[in-house]
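Working through the structure, step by step
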Amino acid sequence: MRKGSTRRHARSIVRVPALVTLALVAGAEIASAQQPPCQPCVGIRVDDPRLLAERLARQPRLEAADRLYVAWEVPANDDTGIDAIREVAASGATPWPIVRFETSAPLLENLPRLEAELARLARIVDAAGPTVHVQIEWRPTGRSMTAELIADYAFLLKRAAVAATGARQSARVIAGPLPPGSRILQALYSEDVAAYVDGVAFTAPQGSSPLDDPALAEAIEVLGQLDPGRPVVLDHLALPNPAELALARAAEASARGIDVTFFAAGSDADLAPLELMARRFSGDVSLDPYSVPTGVRAAWSFVRGEDLSLQILAEVDEGVDEVTLTFTEPHLRDARRVLPSGEEIPLLGLRRRADGLDLTIADPDRVTLIELARLTAAEIEGITGVEERVTVESERYMPVSEILRRLQAFEDAQARRLDTYTATNTLSLRLQGSGGTQPVDITFQGDFFFRQGEGFDWAWQRLFVNGVRWRRNRVPEIPLVQPEKASSMPAEITFTREYVYRLRGTETVDGRDCWVVDFEPAVEPTPERSLYQGTVWIDREIYARVKSRTLQLGLTGDVVSNDETIHFEPVASDGSGAPWSEESFVLPLHTVGQQIFSLFNAAVVVEREVTLTDIRINPDRFDERLAAAHASEATMLRDTEEGLRYLVPDEQTGERVVQEELDPNRLFVVGGVFYDESQDFPLPLAGVNWLSFDYRGTGAQANVFFGGVLLVANLSTPSLFGSRWEAGVDAFALAFAGTDTLYRDGREVPSEDVERLRPNIDLTIGRPLGNFAKLQLEYSLGWNNFASADDTAAEFVTPSDHLDHRVLLRGRYNRSGYRLRANAGFTRRGEWEAWGLPANPDFDPDKEEYTTWGAGLAKIWHLPHFLKFGAEVEYVGGDDLDRFSKYQFGPFSDIRVRGYRSELIRAEEAWATHLSYGFNFGELFQLQILGDVAWATDDATGLDRELLGGVGVAGTFVGPWSTVINLDVGKAVAGPDDSFTVLLAVLKLFD
């Protein structure tokens, strides 16, 4: 062989081990986030940790980086183990309490006891110090772990992991011990526990060679497939005799994939070998199977990342006087023997060969620890550049499951610090129909009392109607129409898999750097199992919620849609603002949302806003203040499993109790007057309005208003046969006929006046489409009665009385306060003969049938202090329309222009815009400035985009005897009409 080729061969021999070693170090650095900071890692399993702590305290103290784990059983049903944990931590060892839960199965039937044990677990972890490892063992009434108990154990494991890491974020949670094998392990991981465990402990097999047990090997292999990189714990081996053999068994276990090996030791056992391993094998150490020497019974090599030095554990047979270790790496140097006491003795028997070296050791121990240094890369010819070609990626991608676990831990820890809090709760409800710019605002405000684990009580002490304060001391009870509570909330630990989560990325929200996690149901929502879909924004520093947006699925009945966004903020114990930190309390202080209710055959949009102010955390005299609220006249509610329920005084004791049966019926007295110039005189309104949200317990809704001259009735079923279909019937009748006056070519034509009555009945069927849209089909049967008026010409023929049949298709979409509607209808008259003056051009037999259509878009912006601004734009049109089917612009017409009287101006087509601005005069009354502009087109009457304009004022104030008074006055200011309209209504509610 030529000299040059010999040199290249020598270089390759040197380079390969160096590259392998660097790769091992790189792999160890990447995995360091999961692996224990030692290899091999050893621990001691004891019965009395205090005796062991006393022994360790008398010896040279372990350094902070040294890892000697001490494990013992700690019952979760008392606090006796906390002092022992503190003593073990003070001795320099790392506590590894095996917390034994004893709550009976099934856990869901014994949650109070489980919660008590979890609270003690949190205290145990908090006392154990920053390096605590806690092992979760479950013994339900003394039973061992079986596959049938795995679902319960997985639920316990998740709750325990959250409680432990909530108490101390650095805590590591270990599952087990599990019996070795794959069946139970696979069953456990099928319950989605991967994000909640930091290691899995297996029971050490019985027999003379437990590490050779095939079931243990199978369990380690399966765990590597199910949860790669997750540490394996062996619980536990008997401490060998002599004790120094524990070094070999720990090294052998490490080579077989076991990360932490526990040895059972008595109070008088020789612990020096285990202490030696804790001091020498902690830190950045990795198994190096490529540098194992030969010449002894068994040997194991480990490389230290900081300098690539080797640590060799060599096991020899009993009675051997001398051994020679043979290495295939020629670049080792500075051999040292480490005695059990920790003393280092240089070894001079190192002989270098062309392809390696030999090391002779005289009088070896049964297990001898040798350390060797390595030549640096700069000292090895040709090795320069190796380190430049190896890149270590140390930043670890965080799975969504781990983000959720940290969120759950933060909230669990906060729940253990937060027993009660009080606040002022302000709930604003803004009710809107499908169109229009005049919502009804109802605001409830009062003291709010929250107790952990029990929900809240809320006193209604102040009521505002359109910003006007209710003057009575007691706020009236109203029917509570609300969504059913979801079967489980997102990011909660549940017994079954309810949601699927996906990490979308990161985003800055409210000034915080957040993880963005989307969620949706893992199962199909049903009326019996309502769930959510949406997004949660989680702070990347402390893992608290910053914001959440949810849409409830599986709703039926009155509630069509429930969409809300919650903003969380940190507060101090006195309610003042606080920084985003683990010491602050992060609470849902502001909630906005939209709910759509199916009420009396109409889609009612409710914009909902909840604000918490004047917060006090764990306040003094909480029970006293709550009792005072219960004893007051305030209307009170409680958050229950079924939703909000009234708290009413018990007839026997006088104490507040939950009102299980809610009265769905309400009775109002209504009085007032309406006038426009189409009426011969002001129309009086006096009568009663009765409504029921659960008519005779059927789930149907009923509403009847009878005011002498006016009847309006409605019966509807929001959930037809338990489905999402809804059906209803409406009836309308007015006893007085209005005068239909014709406007043609810029003037009124009284000689063609017609008196008209039109009672009708409507049948409706509809269905929500998704969560924000609704499609409705309506059939209307109307009776049209015509008669001549005082000024009608003798030759004018009134239309024939007849029934008409109309089919109308409506579509609505409501989202984020925007309301979009569209409709199309077809009408057929039962009898349609010639009418009007002779040769009337407006009469056409083909107009016996006609079609109509329209669309509109509306939005109201709510400002502070009950200020509001609304805008709406709409369009209507049709085909084959005549005088009695065209669009009108009066108070109860298809398109309203303020001040315009009914049945005067007609149009085949029209565009319109409506604006409103509302403001309050203190808490006394509210005014809204209203403006309407329409552009009307009608060939028959000479309108070509004719401008119609009107302004108005609407007001609300509270009158005497707890009445609510509404006033609406309109005046026409542009176009052919110059009239005005007045509506005065007085409403009295009987509790």
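The preceding data block contains the structure.
This is a predicted model, so every value here is computed, not measured. Residue numbering note: each chain is counted from 1, following its sequence as written. Local features in this predicted model are restricted to residues of pLDDT 70 or higher, and side-chain atom pairs are both shown and tallied only at a pLDDT of 80 or more, whereas totals for entire chains, interfaces and linings draw on every residue. Side-chain calculation: all heavy atoms of the structure are included, whereas hydrogens and water are not.

Take the packing of helix α8 (residues 245-255) against helix α9 (residues 272-280) next. Axis definition: a line fit to C-alpha positions, over the contact stretch in the case of helices; interaxial angles, taken between N-to-C directions, run 0 to 180 degrees. Working definition: helices are DSSP H or I runs of at least four residues, strands are E runs of at least two. Numbering for both runs from the N terminus. Packing of α8 against α9 brings their axes to within 8 Å, and their N-to-C directions diverge by 45°. Between α8 and α9, the angle is such that the two are oblique. Contact with α8, carried on its side by Ala246, Leu247 and Ala250, involves Pro273, Leu274, Leu276 and Met277 of α9 and no other residues of that element. Angles are sorted into four bins: roughly parallel if under 35 degrees, roughly antiparallel if over 145, roughly perpendicular if 65 to 115, and oblique for all others. Note on definitions: a residue-residue contact is assigned when non-hydrogen atoms from the two residues lie within 4.5 Å.

Below, the discussion takes up the packing of helix α3 (residues 81-90) against helix α4 (residues 111-128). Look at α3 against α4: their axes get within 8 Å of each other, and the N-to-C directions meet at 20°. Relative to α4, the element α3 is oriented roughly parallel. Where α3 crosses over α4, the two elements pack in a sense that is right-handed. Contacts between α3 and α4 pair Ile82, Ile85, Arg86 and Ala89 from the former with Arg123, Ile124, Ala127 and Ala128 from the latter. Put simply, Ala, Val, Leu, Ile, Met, Phe, Trp, Tyr, Cys and Pro go in the nonpolar bin, Asp, Glu, Lys and Arg in the charged bin, and everything else, Gly too, in the polar bin. Split into classes, the residues belonging to the contact of α3 with α4 amount to six nonpolar, no polar and two charged. Each crossing gets its hand from how the near helix is turned against the far one by less than a right angle, where anticlockwise is left-handed and clockwise is right-handed.

This next bit is on the side chain of Asp938. By the secondary structure assignment, Asp938 is in strand β47 (residues 925-938). Classification of residues uses two cut-offs on accessible area relative to the type maximum, computed with a 1.4 Å probe and protein chains only: under 20% is buried, over 50% is exposed, and between them is partly exposed. Its relative accessible area of 0% is what places Asp938 among the buried residues. We define a polar contact as two N or O atoms separated by no more than 3.5 Å, with the added condition that, inside protein, one atom must be a possible hydrogen donor and the other a possible acceptor, whereas residues neighbouring each other in sequence contribute only through side-chain atom pairs. Only 2.8 Å separates the side chain of Asp938 from the side chain of Lys886, close enough to count as a polar contact. The contacts of Asp938, once residues within four sequence positions are left out, are Lys886, Arg906, Ala907, Glu908 and Leu943.

Let us look at the sheet that holds strand β16 (residues 356-362). For two strands to pair, DSSP has to find at least two bridges joining them. The three strands are arranged β12-β16-β15 in an open sheet whose pairing can be described as antiparallel. If you trace the sheet from one side to the other, it starts and ends with β12 (322-327) and β15 (350-353), each paired once. If you compare each strand with its neighbour and ignore which way they point, the axes differ by 20° on average. Bridge analysis of β12 against β16 gives six bridges, and the strand direction is antiparallel. Residue pairing in the sheet places Val323 in a bridge with Ile361 of β16.

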